[in-house]
Amino acid sequence: MSPESGIETVRRDYHALPVQSVGGEITVPGDKSISHRALMLGAIADGETVVRGFLESEDCVATRRAFEALGVRVRDEEQGTLRVSGVGLDGLKPPPDVLDLGNSGTAIRLMTGLLAAQRFDSTLTGDESLRKRPMERVATPLRAMGARIATRDGRAPIEITGGARLKGIDYAMPVASAQVKSALLLAGLYASGTTTVRSPGPSRDHTERMLRSMGVPLDITDDGLTVSVSGPQRLKGIEIDVPGDLSSAAFFIVAGCLGATDGLLIRNVGVNPTRTGVLTILSAMGARIELRNARTAGVEPVADLFVERSELKGIDVPPELVPLAIDEFPILFIAAAAARGPTIVRGAEELRHKESDRIAVMARGLTALGARVDEREAGVIIEGGQRLRGGTIDSHGDHRVAMSFSVASLIADGPIEIRDTAAVATSFPNFLDVAAACGLSVTERAGG
Ligand code: S3P
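Keep in mind that what you see is a predicted model, and the values were worked out from it rather than measured.

A closer look at the overall build of the protein chain
Then, number 1: Of the regular secondary structure elements, the protein chain holds twelve helices and 24 strands.
Then, number 2: Scaling as 2.2 N^0.38, a compact globule of 448 residues should have a C-alpha radius of gyration of about 22 Å, and the protein chain matches this with 21 Å.
Then, number 3: With the C-alpha coordinates aligned to their principal axes, the bounding extent of the protein chain is approximately 60 × 50 × 45 Å.
Then, number 4: Once local pairs closer than 6 in sequence are excluded, the contacts in the protein chain between residues at least 24 apart make up 75%.
Then, number 5: Of the roughly 16700 Å² of accessible surface on the protein chain, a fraction of 48% belongs to carbon and sulfur atoms.
Then, number 6: Of note, the protein chain has its 50 positive side-chain charges centred 2 Å away from the centre of its 57 negative side-chain charges.

Section: the sheet that holds strand β11 (residues 193-198)
Then, number 1: Judged by pairing direction, the sheet is mixed, and its four strands sit side by side in the order β10-β11-β13-β12 without closing on themselves. The open sheet has two edge strands, β10 (170-172) and β12 (219-220), and neither has a second partner.
Then, number 2: In terms of strand pairing, β11 meets strand β13 (residues 226-231) through six bridges, oriented antiparallel. Note that in β13 the partner of threonine 195 across the bridge is valine 229.

Quick notes on the domain arrangement of the protein chain
Then, number 1: Per the domain assignment, the segments of the protein chain are domain 1 (12-30 + 243-446) and domain 2 (32-241).
Then, number 2: Taking the mean C-alpha position of each, domain 1 and domain 2 sit 28 Å from one another.
Then, number 3: Listed by partner, the interface residues are 26 residues for domain 1 and 24 residues for domain 2.
Then, number 4: Between domain 1 and domain 2, the buried area comes to about 2200 Å², and carbon and sulfur atoms account for 49% of it.
Then, number 5: Looking at the side of domain 1 facing domain 2, the largest losses of area belong to Arg275, Glu355 and Thr426, adding up to 23% of the total buried there.
Then, number 6: For the side of domain 1 that touches domain 2, the secondary structure elements donating two or more residues are β17 (300-308) and α11 (399-407).
Then, number 7: Of the residues belonging to the side of domain 1 that touches domain 2, the class tally is eleven nonpolar, seven polar and eight charged.

Observations concerning helix α4 (residues 136-144)
Then, number 1: Every buried residue belonging to α4 is among Val138, Ala139, Pro141 and Leu142, and all of these are buried.
Then, number 2: Packed against the buried residues of α4 are α3 (105-115), β8 (148-152), β10 and α5 (178-188).
Then, number 3: Following α4 by one or two positions, glycine 146 has its phi on the positive side, about 110 degrees.

A closer look at the pairing of β8
Looking along a regular strand, one sees the side chains alternate between the two faces of the sheet.
Then, number 1: With burial as the criterion, only one face of β8 is covered, namely that bearing Ile149 and Thr151; the residues Arg148, Ala150 and Arg152 on the opposite face remain uncovered.
Then, number 2: As paired elements, β8 and strand β9 (residues 155-161) share four bridges and run antiparallel to each other. Along β9, the bridge assignment pairs alanine 150 with glutamate 159.
Then, number 3: Counting the residues in the hairpin turn of β8 and β9 gives two residues, including aspartate 153, whose phi is positive at 50 degrees.

Examining the environment of valine 19
Then, number 1: Considering the arrangement of structural elements, one finds valine 19 in the loop between β1 (12-17) and β2 (24-27).
Then, number 2: Sequence-wise, valine 19 and glycine 286 are 267 residues apart; in three dimensions their C-alpha atoms are separated by 22 Å.
Then, number 3: Beyond its immediate chain neighbours, meaning those up to four positions away, valine 19 contacts Ser409, Leu410, Gly439, Leu440 and Ser441.

Examining the site of the ligand
Then, number 1: Neighbouring the ligand are the residues Ser33, Arg37, Thr106, Ser177, Ala178, Gln179, Arg204, Ile326, Asp327 and Lys354.
Then, number 2: At 2.7 Å, a side-chain N or O of serine 33 approaches an oxygen atom of the ligand.
Then, number 3: Serine 177 is positioned such that a nitrogen or oxygen atom in its side chain is 3.0 Å from an oxygen atom of the ligand.
Then, number 4: A total of 380 Å² of accessible area belongs to the ligand in isolation, and the protein chains cover 95% of it.
Then, number 5: Counting residues per element, the ones that place at least two in the shell around the ligand are α1 (32-43) and α5.

Concerning unusual backbone geometry
Then, number 1: Looking along the chain, the bond that leaves alanine 156 and enters proline 157 is cis, with omega of 5 degrees.
Then, number 2: Relative to the elements of secondary structure, proline 157 occurs in strand β9.
Then, number 3: Look at the link from glycine 231 to proline 232: it is a cis peptide, with omega at -5 degrees.
Then, number 4: As for its placement among the helices and strands, proline 232 is situated in the loop between β13 and β14 (239-241).

Describing the nonpolar core
Then, number 1: Residues Phe252, Ile253, Ile266, Leu282, Phe329, Phe405 and Leu440 are the most contacted members of the largest nonpolar core, which totals 81 residues.
Then, number 2: Listed in part, the 70 residues of the second largest apolar core include Leu124, Ile169, Tyr190 and Leu211.

Quick look at the packing of helix α7 (residues 246-259) against helix α9 (residues 329-338)
Then, number 1: Between α7 and α9, whose axes approach to 9 Å, the crossing angle comes to 10 degrees. As summarised for this structure, α7 and α9 are arranged roughly parallel, according to the angle between their axes. Residue-level contacts link Ala250, Phe251, Val254 and Leu258 of α7 to Ile331, Ile334, Ala335 and Ala338 of α9.
Then, number 2: Broken down by class, the residue content of the contact of α7 with α9 amounts to eight nonpolar, no polar and no charged.

A look at the packing of aromatic side chains
Then, number 1: One pass over the full model with this rule turns up six aromatic pairs.
Then, number 2: Taken together, a centroid distance of 6.4 Å and an interplanar angle of 75 degrees make the contact between phenylalanine 251 and phenylalanine 431 edge-to-face. In this pair, phenylalanine 251 is assigned in helix α7 and phenylalanine 431 in helix α12 (residues 431-438), connecting sequence segments 180 residues apart.
Then, number 3: Looking at phenylalanine 251, the relative accessible area reads 1%, which means it is buried.
Then, number 4: Ring centres of phenylalanine 252 and phenylalanine 431 lie 5.7 Å apart, and the angle between their planes is 40 degrees; this geometry places the pair in the tilted category. Taken together, the residues phenylalanine 252 in helix α7 and phenylalanine 431 in helix α12 connect sequence positions 179 residues apart.

Reading guide: rules and limits
- Residues numbered from 1 in each chain as written.
- Predicted model: local features only at pLDDT ≥ 70, side-chain atom pairs only at ≥ 80, totals over all residues.
- Heavy atoms only, no water.
- Helix = DSSP H or I, 4+ residues; strand = E, 2+ residues; numbered from the N terminus.
- Rg over C-alpha atoms; globule rule 2.2 N^0.38 Å.
- Contact = heavy atoms within 4.5 Å.
- Areas by Shrake-Rupley, 256 points an atom, 1.4 Å probe, with all protein chains shown as cover.
- Lys, Arg positive; Asp, Glu negative; His and termini not counted.
- Charge placed at Lys NZ, Arg CZ, Asp CG, Glu CD.
- Pairing = 2+ DSSP bridges.
- Domains from an automatic or database assignment.
- Buried area = accessible area lost by both parts, 1.4 Å probe.
- Nonpolar A, V, L, I, M, F, W, Y, C, P; charged D, E, K, R; others polar.
- Buried < 20%, exposed > 50% of the residue type's maximum accessible area, 1.4 Å probe, protein only.
- Near = heavy atom within 4 Å.
- Polar contact = N/O pair within 3.5 Å; in protein donor to acceptor, adjacent residues only side chain to side chain.
- Core = buried A, V, L, I, M, F, W, Y, C linked by side-chain atoms within 4.5 Å.
- Axes fitted to C-alpha atoms, helices over the stretch in contact; angles between N-to-C directions.
- Parallel < 35°, antiparallel > 145°, perpendicular 65-115°, else oblique.
- Phe/Tyr/Trp six-rings, centres within 6.5 Å; stacked < 30°, edge-to-face > 60°.

Structure representation (C-alpha cells):
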C-alpha cells in the first residue's frame, strides 16, 4: 500500500533472457521533455495548442492532471493527439487540492516556477523518489525574484504562497540544468523587468525553442548559455509535433550496437543538438550509427537512426558531454561493460540526484552481473570487455535502470531478473512491446 495515495501497488519485475541479436524497424514514444512543455506552455497560451505525438506516460499524465486541476481543459483526439485550451497568462485557477506530480522532476520543478507567479497558493508533491530529490535549486533563485516558497528540508512538498510580485534577476546556475533554467524562464514570463539565466554548460533548449515559436522574444547568446526574457509576455497557441524521445531510443541504439547484425532502424527520433551527447559518446566508442532522412518537426530536428552491430571500445568520456547525455548514462554504462578496455566517466555528480542515485545503483547492478566497476564520487570506471553472468538486479524504482539491464541481456550468459520495474511506465509505457519487436526477450511478472 502506498502511504501517500492509499492505492494498492503491486511490485513488477522483469525477466530478461539472453539473446544473440536484434533487428528490424521500431518507433519509440514521444519525447518526455517536449510533451511536458507542450502542456505547460499550451495551458498559459492564448487560444488552442494541438499536440501530436504526446507521450502518454505516467509522468506526462501527472502534468496533465495538474493542469486540469488548475482549470485547463485538455481533450484527447485520436491516439497521441491532445487539444489544450489555453487560459492565457493569468487564467489559471486555484487548485482544489495538493498537486501530485508522481515521479516527475521536470513537472515539479517547472511548475514551481510557473506557480510562484500566480495570485493563488499551491502545494506540489510527488512519490517517495521525487520527495527525496533536491528542490532548493529552483526555490532559491525564485525567492530572489520575490517568490514565497517553502520546501521541507530542501525537498517536496513545496508550498507556494501566491500573490508575490516577481521581478527579473540575473542568475548564474551552479550546474547546467534545463529544469532550473526553464523554471526561471517560466517565472520570468510574469516578472517585471528582465530575467537572465546563465549556465556553466549547455543543457536541453526545448523551452527556448517552444517559447519562441509561441511568439515570445528571447535573447540567447550564440553559445546558447545565456538566455533572457523580459516580462510580462503572452504566448500564442500553436501546433506541436512531438518527435520520438532520443532518451527512449538510446536503449535500442545500444541494443543495436550490441546485436544488430543486419541493422536496426529507429524511426522519427528527436536529434536536438542539446540532447545528442549519447550519439557523440557512442560514436567515439566505435558505434555505427547513421542519421537518415534528417528533417524538422516544427522547431525540433528529427531523423531516423540506423544502427549496426559494432566493436565498441572504452573511452574517457569528456566531462563537457555529461549534460548533453544526462539521462543516457545508465544505458551508456551497459555499452561500457560490453566495450573493449576501460570507460571513464568524470564530472557526473548530477547522476546521484536523478530518479535514483544512478552511479551507485548501476555500479551495484553491474557488479552483481560480474562486471568490474570502480565507483567514484562523481563518476565511475568500468573495465569492459567480458560477458556478463545472469543474476538479480534491483532497479530501485528507476525506469532507466530497469530498461538498461533489459538490454544487458545481449551480453549476458544467463537470465537477468530486474526487480521493481513499474516505473518504466513513467517514460516508456510500451517498452516491452518495442523490446519484443526488435528481438529482446523480456517479460514482466508481478513481484513477490
Ligand atoms: C529535463 C532535464 C534534465 C533531465 C530530465 C528532464 C527536462 O534534468 O535529467 O530527465 O525536461 O528539462 P536537469 O536539467 O535537472 O539536469
